[in-house]
Amino acid sequence: FREELKRLEQVPLDDESRKVLESACEGLPGRFQEGGFVVQGAESVAKEATGEVILFNAEKGYGLIRADTVEGDGVEAFFASSGLNMA
């Protein structure tokens with residue numbers, strides 16, 4: 001399935017397919033690139049948090065922290081191990 005998607009990414013869109021895709025993506029932030037529409041993700045705002053790691057995927061290097069700070073009490077926050085301060 002992934003190979004087919006990669007192949008389709010490289011195929012230029014014809015006018016009819018582009019109109020269908022434009023209609024489906026109307027209002028989404030992003031741009032057309034090669035054979036598809038790339039949705040622009042939300043900008044990340046990094047914040048410092050302390051808490052308990054409740055999920056960690058060591059192979060991929062990310063997880064969730066249940067924050068125990070006053071501002072984020074009980075809130076779950078995504079983290080990447082590359083952004084951790086192990087102090």
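Rules used in this analysis
- Residues numbered from 1 in each chain as written.
- Predicted model: local features only at pLDDT ≥ 70, side-chain atom pairs only at ≥ 80, totals over all residues.
- Heavy atoms only, no water.
- Helix = DSSP H or I, 4+ residues; strand = E, 2+ residues; numbered from the N terminus.
- Contact = heavy atoms within 4.5 Å.
- Patch = residues over 30% accessible without salt bridge, like charges linked within 9 Å, V, L, I, M, F, W, Y side chains within 5 Å.
- Areas by Shrake-Rupley, 256 points an atom, 1.4 Å probe, with all protein chains shown as cover.
- Salt bridge = Lys/Arg side-chain N within 4 Å of Asp/Glu carboxyl O.
- Buried < 20%, exposed > 50% of the residue type's maximum accessible area, 1.4 Å probe, protein only.
- Pairing = 2+ DSSP bridges.
- Axes fitted to C-alpha atoms, helices over the stretch in contact; angles between N-to-C directions.

A. Inspection of the environment of G61 at higher detail. By the secondary structure assignment, G61 is in the loop between β3 (51-57) and β4 (62-67). Put simply, G61 and A80 are 19 residues apart on the chain and 5.8 Å apart in space, counted from C-alpha to C-alpha. Those residues in contact with G61 that sit more than four places away from it in its chain are F56, F79, A80 and S81.

B. Seen up close, a nonpolar patch on the surface. Taken together, the side chains of F1, L5, L8 and V11 define a hydrophobic patch exposed on the protein surface, amounting to about 420 Å² of accessible area. Assessed through its relative accessible area of 42%, L5 is described here as partly exposed.

C. Spotlight on the sheet that holds β3. Read across the open sheet, the three strands follow the order β3-β4-β5; overall the sheet is antiparallel. Edge positions in the open sheet fall to β3 and β5 (76-80), since each of these has one partner strand only. Sheet twist, expressed as the mean angle between neighbouring strand axes with direction ignored, is 25°. Summarising the sheet, β3 and β4 pair through six bridges and their orientation is antiparallel.

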